[in-house]
Amino acid sequence: MKTKTLKKDKVNIITLGCSKNMVDSEVLSGQLMANEIDVVHESAKRDHNIVVVNTCGFIDKAKEESINTILEQVELKQRGKLDKVYVTGCLSERYRGDLESEIGGVDAWFGTMELPLLLKKFDADYKAELIGERLLSTPSHYAYLKIAEGCNRTCSFCAIPLMRGGHVSKPIEDLVTEAQKLVKSGVKEIMLIAQELTYYGLDLYKQRRLGDLMRALAGVEGLQWIRLHYAYPTKFPMEILDVMNEFPNICKYIDMPLQHASNAMLKAMKRQITREEIEQLVHDIRAKVPGICLRTTLIAGFPGETEEDVEELKGFLERMRFDRVGVFTYSHEEGTSAYELEDNIPAEEKESRAQEIMEVQQEISLEKNQEKVGKIFKVIVDKKEAGRYLARTEFDSVEVDNEVIIDTTKRLKPGDFVEVRITKAFDYDLEGELVANS
């Protein structure tokens, strides 16, 4: 008979997909720790016996990565390296029935809103009072703050409402408490995230309250940078720009996914806005907050997109000159209204269009970076790599935007704020030297 020494459970959480998923994993880890269960994020060591895979089901590539990760963990379990494999997150929420019948070896599947049920598998209780108690999976100097769940929009390409449900705002006081705890743990920069930031408060307070939330967070002692991600352009609450001007610790930065600029495509995508309205909005935002950094994301290859639509989008980018742009290729998602359309553009053509669009932006990005040469910027140090420090200005979010490379013999720590004079510009990054006394 095989006997096994009783050892304490240790849980490894593997997170796939977006920063919203990352926050969910951090909240799960906080709950496990509060129940005295050892937990780590993305551990390369083999000293854990339970794995929780937090999946992404947003687009084809993300689904493939999630499935491959689940299969890898199941194989480890079959080889006796793990005792349990649990799966949660968006892919599990969306395709649980199919996954259960096709992938054996997973001990239990959970949706996006089933944290208490997942905790029960560990004989752990969900503790509602643990606002902001998280084991960060990010470096200790920055964190994401999820201000709402779900989305009420009906964009034709997007499956998020299928996986995350309708928009649910978190109360301002809870978010302030969470921010205070994060700062106490060493966090200096907080990125506000939600599927749609600008809708914040409508469900809870019957009016948009993002400006009030920003004001409350700006008052958190020790919080040095607050950054806004995923602002929806339709009915954009202009009052948040006044708050941005009012508080120096709110970064002059907005991430506003626009998806396209051709009116035909915007209509097909059900974006509830026209190109002309977008151009006016961008103009108004820049007039109200001079020097603001605007980031956007676009989709290439939506069903029915023509060469003319692509040319219109490129012309739009040349006129608008966004600071940061990301381009995704269209993914045909079941359950969305666009799924009824014919996915009539080949994958290679989608990639080619995305590349064309990015080439336009690459030139704009280089020109904007060259304008910064000789100027001094306050930057936050993220890490040291190959003997040089990598940092960011207030105009750059982590992982998706530009970096400032600092070559210095001075010892810097992640989370340090220093002043840097820009000496060299590249397409997407900058090089700089420390300013004396920085």
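Worth saying up front: this structure is predicted, and the values here are computed from it rather than measured.

Basis of the calculations
- Residues numbered from 1 in each chain as written.
- Predicted model: local features only at pLDDT ≥ 70, side-chain atom pairs only at ≥ 80, totals over all residues.
- Heavy atoms only, no water.
- Pairing = 2+ DSSP bridges.
- Helix = DSSP H or I, 4+ residues; strand = E, 2+ residues; numbered from the N terminus.
- Axes fitted to C-alpha atoms, helices over the stretch in contact; angles between N-to-C directions.
- Contact = heavy atoms within 4.5 Å.
- UniProt positions renumbered as here; feature names shortened; annotations may be inferred.
- Parallel < 35°, antiparallel > 145°, perpendicular 65-115°, else oblique.
- Left-handed = near helix turned anticlockwise from the far one by under 90°.
- Nonpolar A, V, L, I, M, F, W, Y, C, P; charged D, E, K, R; others polar.
- 1 Å grid on protein atoms, 1.4 Å probe; cavity = no way out; pocket = protein on both sides within 12 Å on 5 of 7 lines; lining within 4 Å.
- Points joined across faces, edges and corners; volume = space filled by probe spheres on them.
- Domains from an automatic or database assignment.

1. Quick word on the sheet that holds strand S10 (residues 225-228)
Working step 1: Spatial strand order, S6-S9-S10-S11-S12-S13: 6 strands in an open sheet with parallel pairing. Looking at which strands have only one partner, the edges of the open sheet turn out to be strand S6 (142-146) and strand S13 (324-329). Taking each pair of neighbouring strands and ignoring which way they run, the sheet shows an average axis angle of 20°.
Working step 2: Pairing geometry for strand S9 (residues 189-193) and S10, over 4 bridges, is parallel. The residue bridging Ile-190 from the neighbouring strand is Ile-226, located in S10.
Working step 3: Seen against the sheet, helix H1 (residues 19-34) touches S6 and S9 and runs at an angle of roughly 95° to S6.

2. Here's the deal with the UniProt feature "domain: TRAM" (unreviewed entry) in the chain
Working step 1: Here, UniProt's "domain: TRAM" (unreviewed entry) annotation points to residues 370-436.
Working step 2: Annotated as 1% helix and 48% strand, the span residues 370-436 places its first and last C-alpha atoms 22 Å apart.

3. Digging into the packing of helix H11 (residues 275-288) against helix H12 (residues 307-320)
For any two helices packed against each other, one specifies the inter-axial angle together with the distance between the axes.
Working step 1: Orientation of H11 relative to H12, taken along the N-to-C sense of each, is 15°, at an axis distance of 12 Å. Between H11 and H12, the interaxial angle falls into the category roughly parallel. Seen from above, H11 lies across H12 with right-handed handedness. Of H12, the residues touching H11 (which contributes Arg-275, Ile-278, Glu-279, Val-282 and Arg-286) are Glu-312, Phe-316, Arg-319 and Met-320.
Working step 2: When the residues that make up the contact of H11 with H12 are grouped by side-chain class, the tally is 4 nonpolar, no polar and 5 charged.

4. Observations concerning the layout of surface pockets
Working step 1: Estimates place the volume of the second largest pocket at around 770 Å³.
Working step 2: For the lining of the second largest pocket, the elements supplying multiple residues, two or more each, are H1, strand S4 (84-89), helix H4 (115-120) and helix H6 (172-184).
Working step 3: With 7 residues, H1 is the single largest residue contributor to the lining of the second largest pocket.
Working step 4: Of the residues in the lining of the second largest pocket, the class split is 14 nonpolar, 9 polar and 11 charged.
Working step 5: Counting only domains with at least three residues in the lining of the second largest pocket, you end up with domain 1 (10-129) and domain 2 (140-371).

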